[in-house]
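Structural description and commentary
Here is how the chains run, residue by residue.
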Amino acid sequence: AQRVTQPEKLLSVFKGAPVELKCNYSYSGSPELFWYVQYSRQRLQLLLRHISRESIKGFTADLNKGETSFHLKKPFAQEEDSAMYYCALNGGNQFYFGTGTSLTVIP
Amino acid sequence: NAGVTQTPKFRILKIGQSMTLQCTQDMNHNYMYWYRQDPGMGLKLIYYSVGAGITDKGEVPNGYNVSRSTTEDFPLRLELAAPSQTSVYFCASSYSYSGRSEQYFGPGTRLTVT
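Residues numbered from 1 in each chain as written. Chains lettered and ligands numbered in written order. Predicted model: local features only at pLDDT ≥ 70, side-chain atom pairs only at ≥ 80, totals over all residues. Heavy atoms only, no water.

Focus on the state of the cysteines
All names here are of chain A. This is how the line gets drawn: Here, the term disulfide refers to a pair of cysteine sulfur atoms separated by no more than 2.5 Å. Runs of E in the DSSP output that reach at least two residues are strands. Runs of H or I that reach at least four are helices, and both are numbered from the N terminus. For each residue, the accessible area found with a 1.4 Å probe, counting protein chains only, is set against the maximum for its type, and the residue is called buried under 20%, exposed over 50%, and partly exposed in between.
In total, this model carries two disulfides over all chains according to the counting rule given. Across the disulfide from Cys23 sits Cys87; the S-S distance is 2.0 Å. Judged by the torsion about the S-S bond (-65 degrees), the Cys23/Cys87 disulfide is left-handed. Taken together, the positions of Cys23 in the loop between β3 (19–21) and β4 (24–26) and Cys87 in strand β9 (residues 83–91) put the pair 64 residues apart, joining distant regions of the chain. There is no split in this pair, since Cys23 and Cys87 are both buried.

Set out below in structure tokens:
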């Protein structure tokens, strides 16, 4: 069964500190993984996708097939990064979302 | 472009009542989705559609129905509301299902069944 696990419901870091949001997945095929973000009072929106190998707002995520992980990282957290982050897996026609991690960046 | 719009924003239903959650997108996307989000949980897919006239069940379809008569609209129907359907409902659309196609989400509908 396809599953996405985000082990941390809440994560707090100080401004300027590195941040890592964890995501593990289980999928029998070749995975397509995403990070979505929801800022306060805004809609859920795409942050980045592994297939693009991009860095968005200083965030990067590397797909590690051996560890079945897709952790989201940023070297220096900013206050505007405070938001809810969801890891998602594309399993064919369906998307599977993790339970989300609420990130708070402390000034 | 308005993107994905949902109505209503909030609704309170009594047990056994029925209602339709509306979803419209103006991006000419083929794929549309309905999710529910319970407190502390991730989004769960209820139904999805790959084009007008084609719908399929997601992870949690029981108690819901959908239709897709046009590309733009994808309404979600609750026939006999139950307290277990209290949730926030999100509609989303995408150009395709591939990894290169992001999903665009609506603002959500907060539904309470009492």
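Looking at the interface of chain A and chain B
Convention followed: Contact between two residues is taken to exist if any of their heavy atoms lie within 4.5 Å; hydrogens are not considered. Buried area: the accessible surface (1.4 Å probe) lost by two parts on joining, summed over both. For salt bridges, the criterion is a side-chain nitrogen of Lys or Arg within 4 Å of an Asp or Glu carboxyl oxygen. Polar contact is the term for a pair of N or O atoms within 3.5 Å; when the atoms are in protein, one must be able to donate a hydrogen and the other to accept it, and sequence-neighboring residues count only if both atoms are side-chain atoms. Throughout, the ten residues Ala, Val, Leu, Ile, Met, Phe, Trp, Tyr, Cys and Pro are labelled nonpolar, Asp, Glu, Lys and Arg are labelled charged, and all others, Gly among them, are labelled polar.
Listed by partner, the interface residues are 21 residues for chain A and 27 residues for chain B. When chain A packs against chain B, the two sides together hide about 2,000 Å² of surface, and 51% of this comes from carbon and sulfur. Of all residues in chain A, the largest losses of buried area upon contact with chain B belong to Arg43(A), Asn93(A) and Phe95(A), amounting jointly to 32% of the total for that side. One can count one salt bridge joining chain A with chain B. With a shortest N-O distance of 3.9 Å, Arg3(A) and Glu59(B) are connected by a salt bridge. Linking chain A with chain B are four residue pairs in polar contact (both at pLDDT 80 or more). Mapped by element, the contributors of at least two residues to the side of chain A that touches chain B are β5 (32–38), β6 (45–49), β9 and β10 (94–97) of chain A. For the side of chain A that touches chain B, the residue count by class is nine nonpolar, seven polar and five charged.

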